[in-house]
Amino acid sequence: MAKAKTIVDERTLAGWFSAPTEARAARLSSDGKDPVFFHADVEEHVQDPQTGVTKRCDVTLRSRTRPLATVEMKRPEVAAADSPDLQSDSWSKAVGRGLPYFLTANFEHVLVWETIKGPNQKAPLIRFTLAAGLSHSSFAPQRRAELSDNWVKFLDQFSQKIVELEGKAQDPRKLPPQVLELKEVIHEAAEEAAERIRSAVEEEGFRQSTLEAFRLQFGVETSLDPHGNRSRLLAESLQVATIATFVVATRLMLYQALSNSTRPDGGSFNLDVLDITRSTGDPQRVLSDLAGLYEHARRKTGDFETQFSRSELDDIIFVDAPTSRKDVGKLWGKIIDVVQGADWEAPVTYVPGLYESLLDDEHRHVMGVHYTPDPVVELITAYAVQDAASVVLDPASGAGTFATMCYERKRALGSTHEQSLAEVYAVELAQFAASLTGFNLTLADTSASSAYPRVFRSDFFQTYPGEQSGLVLPDVGRISYPREVDAVVGNPPYIRFENRLPEEREEVFKFLQKHYMKTQTAYPNFTGKADIWSFFVAGAHMYLRPGGRLGFIVSWNLLASDYGDAVITFLARYFKIHALIDSRVERWFAAKQNTVIVLAEKVADPPVKHSHQFNTNVPDGHRVRFVRLKRPIEELVSKELPRGKRAEDLIDEILDADADAGDDLRWDIRLFEQKALLEVAKSRDGFGDD
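All values derive from a computational prediction rather than experimental measurement. (Residues numbered from 1 in each chain as written. Predicted model: local features only at pLDDT ≥ 70, side-chain atom pairs only at ≥ 80, totals over all residues. Heavy atoms only, no water.)

Asker: Could you give an account of the nonpolar core, naming the residues involved and the relevant values?
Answerer: Ranked by size, the top nonpolar core spans 99 residues in total, and within it Val488, Leu550, Leu558, Ile581, Ile597 and Ile633 carry the most contacts. The element contributing the most residues to this core is helix α17 (residues 533-543), with 8 residues. (Core = buried A, V, L, I, M, F, W, Y, C linked by side-chain atoms within 4.5 Å. Buried < 20%, exposed > 50% of the residue type's maximum accessible area, 1.4 Å probe, protein only. Helix = DSSP H or I, 4+ residues; strand = E, 2+ residues; numbered from the N terminus.)

Structural data, given as structure tokens:
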């Protein structure tokens, strides 16, 4: 009687692939290369209860940040790698997980298929032989080394194919060539300035004024201790110098943009040529030359007073010190040459990325400098800004990505430059971020007759609808905060409320209490562990008119925490929640936590104020769409339409969904009645009457 062959199951083979995948990634990383694949994870297995043999096993191939492909495996004696049933099963898993590729494999071959092409493809993207002629799994142990080696070669081929298909060799956040050139000369000038700063901080008065300037403008605590750790001083002084140099460079970009622009009457501003004394080694001479240009620009244009105002950063970057080199003027001349040699229109498309790239990892994290990608902002503004006359507010504008996109959407819908600037409001606490918002809006159209963006440098919780602000604009006067708006959009900060100073927490409570006294709106009961974005949701309710739309990116804690429950029930009582959107395949900015997009429309307040009853102004049976994207938003928005209109079809299709969808290659959608969300409040005490 013939001896039965010993089966090697699929889970064993999966384990053989896992270690070589990680070893390959480590080797490529040590060589300074960026591997496409970092892990081959064994995701699941199903065992036959009679034999204990694995009947099914999935492997997921992952990059550093996201899954890319699922691998469905069978033993060679069970199925061929191109089996239609195997292909269909693997495709279904790829669709369910939102993966762009699916693989079918037995011990002999591995095949790669593109998910978007469906479950019944005639020819694979790649057919690779792992062990030629291997007809039964029992022969696999003798050929294990061959299988592992060929698996690595397969990963090399698959990686190259992904690079070709997806352009992975090109960083989607890659800066334009002229911006990279500007970054290089900024670094050169900053290195020289850092030497002077390290010398100047020996004087305690300068050191303290520098620390205070960075604390106020950027929310960053530095030490700049000349007698402390030398490495830390070197790093901090270079970062301070880099940031300050960047600030001055943005003014030079504005000056040059104005020099190249045409006035509404068809003429030009006739600005002097942008230049300085290049032969000087005196930083104060460079500062004086630039100050003269700023004053000249203000006088010639009758405008841009805010953008060309001198700040504490000028005193820092051009501080005089015994260590001043002879090439100060030459280094700033190189920045000017780069600025003069390029077109600096539409800065919002590259300035945030440039600024982020100039920061080291520590400062980027501490300062929270993670700007929201354009496609995400397009999606939110397409929902929130419904027509050319929409009045919009971003309560935490950062560099102005949302505010500028709202401006561009209004223009795309037919608004004028002047009307758009007058109807897009932004609030930002940090002075530098507020100036960047103004800078980006100012350069939205340098040929138009007005350049007075409504950017309030303030804590949002010190504002109030209809009250006067501290912003005074030339020829306009003091500007009031909008009484009510059609849209509130943005990416409010993810800072723990308990980490704010006691007086700052008191301001938030006064902000909510003031509105409660006027409207008796029942605001959520937040725990001390709530992120500050939660209070921005309540603040957005104050500013929105009934029918106005809210579009926020918030922490995933909205769906996974007690205070998130309070926010959900607040939204369910005072808004029609149209959609809550997250992604399987990407993070929308480099934060340490996942995020979710909230799209909701304010309804009239309920007739019964202090109650958990369903708001009768929310249509009975209104359903919320929980959307999980399976493809990056950049692939879902139109590339043919102009900025401001690219996400219109996408948002319309999401909001038109009237049934669950699980087999769509783009997303999963689940619909739930909003009334059910409010029921959570009855058991979790989601509202407060105080």
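From this point, things continue past the structure.
Asker: I'd love a proper account of the packing of aromatic side chains, names of residues and values included.
Answerer: Evaluation of the coordinates by the stated rule reveals 21 aromatic pairs. Between Phe318 and Trp332, the ring centres sit 5.0 Å apart and the planes meet at 45 degrees, which makes this aromatic pair tilted. Taken together, the residues Phe318 in the loop between α8 (312-317) and α9 (328-340) and Trp332 in helix α9 connect sequence positions 14 residues apart. The residues Phe318 and Trp332 share a single accessibility class, namely buried. Measuring from centroid to centroid gives 5.2 Å for Phe461 and Phe511, while their planes differ by 80 degrees, and the two rings are edge-to-face. (Phe/Tyr/Trp six-rings, centres within 6.5 Å; stacked < 30°, edge-to-face > 60°.)

Asker: Explain the pairing of strand β13 (residues 544-555) to me, using residue names and the numbers behind them.
Answerer: Most of β13 sits out of view: 9 of its 12 residues are buried. Relative to strand β15 (residues 595-602), β13 runs antiparallel, the two sharing 7 bridges. Looking at the pairing, Ile553 lines up with Ile597 of β15. (Pairing = 2+ DSSP bridges.)

Asker: So what's going on with helix α1 (residues 10-30)? Which residues, and what values?
Answerer: In an α-helix, one full turn covers 3.6 residues, which means residues spaced three or four apart are oriented alike. Taking 1.5 Å per residue as the helical rise, α1 with its 21 residues ought to reach 30 Å, and the 31 Å between its terminal C-alpha atoms agrees with that figure. Every buried residue of α1 is accounted for by Glu10, Leu13, Ala14, Trp16, Phe17, Ser18, Pro20, Thr21, Arg24, Ala25 and Leu28. The positive-phi residue at the C-terminal boundary of α1 is Gly32, with phi of around 80 degrees. (Expected span 1.5 Å × (residues − 1).)

Asker: Outline the packing of α17 against helix α18 (residues 562-574), listing residues and values.
Answerer: Direction vectors running N to C along α17 and α18 enclose 15 degrees, while the axes themselves pass 10 Å from each other. One element, α17, and the other, α18, form an angle in the roughly parallel class. In terms of crossing hand, the pair formed by α17 and α18 is left-handed. Contacts between α17 and α18 involve Trp533, Ser534, Val537, Ala538 and His541 on the former and, on the latter, Tyr563, Val567, Phe570, Leu571 and Tyr574. (Axes fitted to C-alpha atoms, helices over the stretch in contact; angles between N-to-C directions. Parallel < 35°, antiparallel > 145°, perpendicular 65-115°, else oblique. Left-handed = near helix turned anticlockwise from the far one by under 90°. Contact = heavy atoms within 4.5 Å.)

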